[in-house]
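So you can see what is in the structure, the chains are spelled out below.
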Amino acid sequence: DAAIDQFDGTIRRRRTRSVCVGDVTIGGGNPVVVQSMINEDTLDIDGSVAAIRRLHEIGCEIVRVTVPSLAHAKALAAIREKLIATYSPVPLVADVHHNGMKIALEVAKHVDKVRINPGLYLFEKPKSGREEYTSAEFEDIGAQIRSTLEPLIVALRDRGKAMRIGVNHGSLAERMLFTYGDTPEGMVESALEFIRICESLDYHNLVISLKASRVPVMLAAYRLMVKRMDELGMDYPLHLGVTEAGDGEYGRIKSTAGIATLLAEGIGDTLRVSLTEAPEKEIPVCYGILQALGLRKTMVEYVACPSCGRTLFNLEEVLHQVRSATQHLTGLDIAVMGCIVNGPGEMADADYGYVGKQPGYISLYRGKEEILKVPEAQGVEALIELIKSDGRWHDPE
Ligand code: SF4
């Protein structure tokens, strides 16, 4: 109730520590960071540099690359050098899988953040049958993980670099599966085990993710992680994502269902929308989610009614014309309404309104104030003139 009473139209975000990844900061009240991942082979230096640059130029703030071998890790040195020489030091994250100690140590020299998957970090020989792990066995494996992980933690700590502890529902470690089952609890315990090792070595530049391809599982895992971190006094930022979301409209809906639900609860400091499409396609979805939630404003916000029997002009066509003319004007809210039956309040406090007035005529509004009535054919041009006269127009680049 208190939250409703004090609601100021913005989402109150969970407080976290700041984690620096190159010149980008995750958490600490900073804007939610957009990430994606190239799908080039990292051994292809020129191809990878071009792909990283393409993504960065359209708003991907941290770019991930995969590093399946030591040769790939070494190639990253050349990629980084070339990026700095020809473009900019884009913040890079390396994904290290299966028993990747040597790879991770090499890659830590060339990137700003290393992502490891606790489930794949140490090969655990599967137990026969469904035999329980004894607590001694559990701890013994924990000690092996610690000694394997320690050099990487020390290297990242001493270089001021970050680590993502990236748990995946589909690849939990054997003993986590036996002990907790294939559950959000198992995911959270996997992350906590790695966090505790990092903390024991005074390393705190951590970002945590708990991805799953099923939205309810992913939601439960992140919520439980926040609860456990609150209980334990931990304040690590969270990286959100729904894995294997697929493609097209449903891939976007599924990703949004998971990511936006958590962001709306104040949870999440960076995100990746994983689509089975070119990585460039992921970036507008990320920014769309953030804009819809009022977390970042990177484009014009259009408010438009769905149209109905009262609509006084071709709403779909006019919205398209208004968008084509104004979409380069970041920071504005523009409403396009078929009629004014329910009053200017329906325009959700837009900066400008284009509203059906009577057949053949539209009215232009500045905020809630009606400014002028013009024939429909002159509507878009008159809107542009109004924005210009207010000094809020600039030509597209
Ligand atoms: Fe219909 Fe007017 Fe509402 Fe648009 S604003 S949906 S035209 S009543």
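What you see is a predicted model, and the numbers here were worked out from it, not measured in a lab.

**Some thoughts on the nonpolar core**
With 84 residues, the main nonpolar core has Ala94, Val107, Val114, Ala191 and Leu210 as its most contacted residues. The element contributing the most residues to this core is helix 9 (residues 215-232), with 8 residues. The contacts of Val114, once residues within four sequence positions are left out, are Ala94, Val96, Ala104, Val107, Ala108, Leu152, Leu156 and Met163. Core analysis: the next-biggest nonpolar cluster, separate from the first, contains 21 residues, Leu315, Ile334, Val355 and Ile387 among them.

**Brief notes about the domain arrangement of the protein chain**
Parsing the protein chain into structural domains produces domain 1 (7-292) and domain 2 (301-389). In this structure, domain 1 and domain 2 have C-alpha centres spaced 43 Å apart.

**Focus: the UniProt feature "binding site: [4Fe-4S] cluster" (unreviewed entry) in the protein chain**
The sites that carry the UniProt feature "binding site: [4Fe-4S] cluster" (unreviewed entry) are, in the present numbering, Cys305, Cys308, Cys339 and Glu346. Among the structural elements, Cys305 can be located in the loop between strand 11 (301-304) and helix 12 (315-326). Excluding residues within four positions of it along the chain, Cys305 makes contact with Met337 and Gly338. Beyond its immediate chain neighbours, meaning those up to four positions away, Cys339 contacts Arg310, Thr311, Leu312 and Gly356.

**Things to note about helix 11 (residues 282-292)**
Because each turn of an α-helix spans 3.6 residues, side chains separated by three or four positions in sequence point in the same direction. Buried within helix 11 we find Glu282, Ile283, Val285, Cys286, Tyr287, Ile289 and Leu290. Residues of helix 11 that are buried sit in contact with strand 3 (33-37), helix 10 (248-264) and strand 10 (270-271).

**Looking at helix 2 (residues 45-57)**
The terminal C-alpha atoms of helix 2, which comprises 13 residues, lie 18 Å apart, in line with the 18 Å expected from a rise of 1.5 Å per residue. Regarding helix 2, the residues found buried are Ser48, Val49, Ala51, Ile52 and Leu55. Viewed end-on, helix 2 has its buried residues packed into an arc of 165°, placing them on one side of the element. Elements in contact with the buried residues of helix 2: strand 3, strand 4 (62-66) and helix 3 (70-86).

**Some remarks on the packing of helix 6 (residues 135-159) against helix 8 (residues 184-200)**
Here helix 6 crosses helix 8 at 55°, and the two axes come no closer than 10 Å. When the axis of helix 6 is compared with that of helix 8, the two are oblique. In the packing of helix 6 onto helix 8, the handedness of the crossing is right-handed. Residues Gly142, Ile145, Arg146, Leu149 and Ile153 of helix 6 form the contact with helix 8, whose own contacting residues are Glu193, Ile197 and Cys198. Looking at the contact of helix 6 with helix 8 residue by residue, the classes come out as 5 nonpolar, 1 polar and 2 charged.

**What about the sheet that holds strand 15 (residues 369-375)?**
The strand order 11-12-13-14-15 describes an open sheet built from 5 strands, whose pairing is mixed. Here the strands that pair on one side only, and so sit at the sheet edges, are strand 11 and strand 15. Direction aside, the axes of adjacent strands within the sheet are offset by 25° on average. The pairing of strand 13 (residues 352-358) with strand 14 (residues 361-366) spans 6 bridges and is classified as antiparallel. Across the sheet, Gly356 pairs through a bridge with Ile362, a residue of strand 14. Helix-sheet contacts for helix 12 involve strand 11, strand 12 (333-337) and strand 13, and the interaxial angle to strand 12 is about 160°.

**Quick notes on the environment of Arg296**
Position of Arg296 relative to the elements: it lies in the loop between helix 11 and strand 11. Distance in space between the C-alpha atoms of Arg296 and Pro31 is 6.8 Å, their sequence separation being 265 residues. Those residues in contact with Arg296 that lie beyond four places of it in its chain are Pro31, Val32, Tyr287, Leu290 and Gln291.

**Considerations on the sheet that holds strand 5 (residues 92-96)**
In space, the 8 strands of this open sheet follow the order 8-7-6-5-4-3-10-9, with parallel pairing throughout. The open sheet terminates on both sides in strands that have one partner only, identified here as strand 8 (206-211) and strand 9 (239-240). Two strands pair when backbone bridges link them, and strand 4 and strand 5 are joined in this way by 4 bridges, in the parallel orientation. Of the residues in strand 5, the one forming a bridge with Val63 is Leu92.

**Side note on the pairing of strand 2 (residues 24-27)**
Sheet faces and side chains relate simply in a regular strand, where the side chains alternate between the two faces. Sheet topology places strand 1 (residues 18-21) next to strand 2; 4 bridges connect them, and they run antiparallel. Following the sheet pairing, Ser18 is matched in strand 2 by Gly27. Between strand 1 and the antiparallel strand that follows it, strand 2, lie 2 residues; Gly22 among them carries a positive phi value of about 60°.

**Describing unusual backbone geometry**
Notably, Asp202 is not glycine yet its phi reads approximately 55°, a positive angle. Structurally, Asp202 can be placed in the loop between helix 8 and strand 8. Backbone geometry places Glu244, a non-glycine residue, at a positive phi of 45°. Position of Glu244 among the secondary structure elements: in the loop between strand 9 and helix 10. By the C-beta count within 10 Å, which is 15 here, Glu244 ends up partly exposed.

**Section: the pairing of strand 8**
A large share of strand 8 lies buried, amounting to 6 of its 6 residues. Residues Leu206, Ile208 and Leu210 of strand 8 are buried on one face, and the alternating residues Val207, Ser209 and Lys211, pointing to the opposite face, are buried as well. Two elements, strand 7 (residues 162-168) and strand 8, share 6 bridges in a ladder whose sense is parallel. Within the sheet, the bridge partner assigned to Ile165 lies in strand 8 and is Ile208.

**Structural notes on the environment of Val207**
Mapped onto the secondary structure, Val207 falls in strand 8. A residue is classified by how many C-beta atoms lie within 10 Å of it, and Val207, with 26 of them, is buried. When the C-alpha positions of Val207 and Ser307 are compared, they lie 44 Å apart, and in sequence the two are 100 residues distant.

Analysis parameters
Residues numbered from 1 in each chain as written. Predicted model: local features only at pLDDT ≥ 70, side-chain atom pairs only at ≥ 80, totals over all residues. Core = buried A, V, L, I, M, F, W, Y, C linked by C-beta atoms within 7 Å. Buried ≥ 20, exposed ≤ 12 C-beta atoms within 10 Å, placed from the backbone. Helix = DSSP H or I, 4+ residues; strand = E, 2+ residues; numbered from the N terminus. Contact = placed C-beta atoms within 7 Å. Domains from an automatic or database assignment. UniProt positions renumbered as here; feature names shortened; annotations may be inferred. Expected span 1.5 Å × (residues − 1). Arc of directions from axis to C-beta. Axes fitted to C-alpha atoms, helices over the stretch in contact; angles between N-to-C directions. Parallel < 35°, antiparallel > 145°, perpendicular 65-115°, else oblique. Left-handed = near helix turned anticlockwise from the far one by under 90°. Nonpolar A, V, L, I, M, F, W, Y, C, P; charged D, E, K, R; others polar. Pairing = 2+ DSSP bridges.

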